[in-house]
Amino acid sequence: MKRFFLLSAAVLALGAACKPSSPTAQQQADTAATEPAAAAPADATPAAAAVAETVDPAALSALETMSRYLGALKTFEVRTTSSIDEVLASGQKVQFDSGATYRVRRPDAFRIETRSDRRVRDFYYDGKSFTMHSPRMSVFAQVDAPPTIGEVLGKLETEYDVNLPLTDLFTWADSAAESAKVLTSALYVGPARVRDTECDQFAFRQPDVDWQIWIQRGDTPLPRKVVITTTDDPAMPQYTVYLDWNLTPKFDDTTFAFTPPKDTYRIEIAKVSNTDS
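Residues numbered from 1 in each chain as written. Predicted model: local features only at pLDDT ≥ 70, side-chain atom pairs only at ≥ 80, totals over all residues. Heavy atoms only, no water.

(A) Structural view of the sheet that holds strand S12 (residues 265-267). Pairing is mixed in the open sheet, where 12 strands are placed in the order S7-S8-S9-S10-S11-S1-S2-S3-S4-S5-S6-S12. Strand pairing shows two members of the sheet lacking a second neighbour, strand S7 (185-194) and S12, which therefore form its edges. Sheet twist, expressed as the average angle between the axes of neighbouring strands with direction ignored, equals 20°. Note: strand S8 (residues 197-206) against strand S9 (residues 209-216), 8 bridges, orientation antiparallel. Among the inter-strand pairings, Gln206 is bridged to a residue of S9, identified as Val209. Strands in contact with helix H1 (residues 57-72) are S7, S8, S9, strand S10 (223-230) and strand S11 (238-246); relative to S9, the strand with the most contacts, it is inclined by about 65°. Those strands touched by helix H2 (residues 149-160) are strand S2 (93-105), strand S3 (109-116), strand S4 (120-125), strand S5 (129-134) and strand S6 (139-144), and its axis lies near 55° from that of S3. (Pairing = 2+ DSSP bridges. Helix = DSSP H or I, 4+ residues; strand = E, 2+ residues; numbered from the N terminus. Axes fitted to C-alpha atoms, helices over the stretch in contact; angles between N-to-C directions. Contact = heavy atoms within 4.5 Å.)

Structure (structure tokens):
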């Protein structure tokens with residue numbers, strides 16, 4: 001999967017279904033709270049006036065401020081609505097919609113619920129175990145988990161080849177500086193509104209991927225919308241996601257605990273085979 005600053009494929013499923021069914025569109029969240037995220041400096045260059053591809057420091061600064069703010073959040077709930085293009089063998093694009101709810105309590109708990117016409121998946125992590133649940137199929141898989149969100153995400157990827165969507169909501173602050181190195185273009189597009197929220201729009205390029213992000217203005221620099229375009233496919237499929245945030249959610253331990261419903265059966269997660277051994 002292509003890795004890029006905002007989403008590492010990242011937008012849900014059980015096992016291999018954690019990846020899009022077509023690789024052509026990649027679905028890849030207190031100290032900084034007082035810093036405005038996306039108010040671009042006066043010398044920021046609007047997109048209409050840009051001639052050559054450049055990396056605008058103002059655009060990078062907005063991302064850094066947002067990253068610090070997200071990294072400082074201890075609890076949050078975010079609801080997403082998204083659409084993804086898939087390219088048929090004929091070259092025709094078809095679009096699929098989905099939604100998800102993330103409930104996060106750092107450093108050791110999350111619950112993710114995803115819904116689409118084709119797939120329903122729930123993910124639970126309580127600091128001790130990680131569970132993937134398929135309500136439609138009445139099955140779940142569960143493994144022991146390390147004590148932090150970052151560690152469990154790493155274990156899932158390396159040991160089970162499971163990549164949860166929108167993992168940048170958990171790890172953005174840790175990876176922002178490294179991810180910015182791959183950018184070939186970064187620019188400030190201008191002010192915008194996303195579902196009645198005042199934002200600033202930015203556009204970025206990196207090998208094989210163009211992406212845009214709308215960052216909320218003011219002292220809560222949250223990502224409100226993201227559009228990702230896969231540019232190494234002639235069809236140029238897109239992934240679009242809207243994010244609605246609740247920064248004062250009410251959680252307790254039961255929020256993150258999985259209790260198997262009646263007539264739900266446990267299955268095993270296959271580990272990644274080590275071809276070097």
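(B) Representation of the side chain of Glu113 within the structure. With respect to the helices and strands, Glu113 occurs in strand S3. A polar side-chain atom of Glu113 sits 3.3 Å from a polar atom in the side chain of Arg103. Every residue in contact with Glu113, bar those within four places of it in the chain, is listed here: Gly99, Ala100, Thr101, Arg103, Arg121 and Asp122. (Polar contact = N/O pair within 3.5 Å; in protein donor to acceptor, adjacent residues only side chain to side chain.)

(C) The pattern of salt bridges, seen in detail. Under the definition given, this model contains 13 salt bridges. One salt bridge in this structure joins Lys271 and Glu159, with 3.6 Å as the shortest N-O distance. Here Glu159 lies in helix H2 and Lys271 lies in the segment after S12, a separation of 112 residues in the sequence. Among the residues examined, Lys271 registers a relative accessible area of 56% and is labelled exposed. Assessed through its relative accessible area of 30%, Glu159 is described here as partly exposed. Its salt-bridge partner being Asp196, residue Arg193 comes within 3.6 Å of it at the nearest N-O pair. Here the residues in one salt-bridge network are Glu77, Arg79, Arg103, Arg111 and Glu113, joined through shared partners. (Salt bridge = Lys/Arg side-chain N within 4 Å of Asp/Glu carboxyl O. Buried < 20%, exposed > 50% of the residue type's maximum accessible area, 1.4 Å probe, protein only.)

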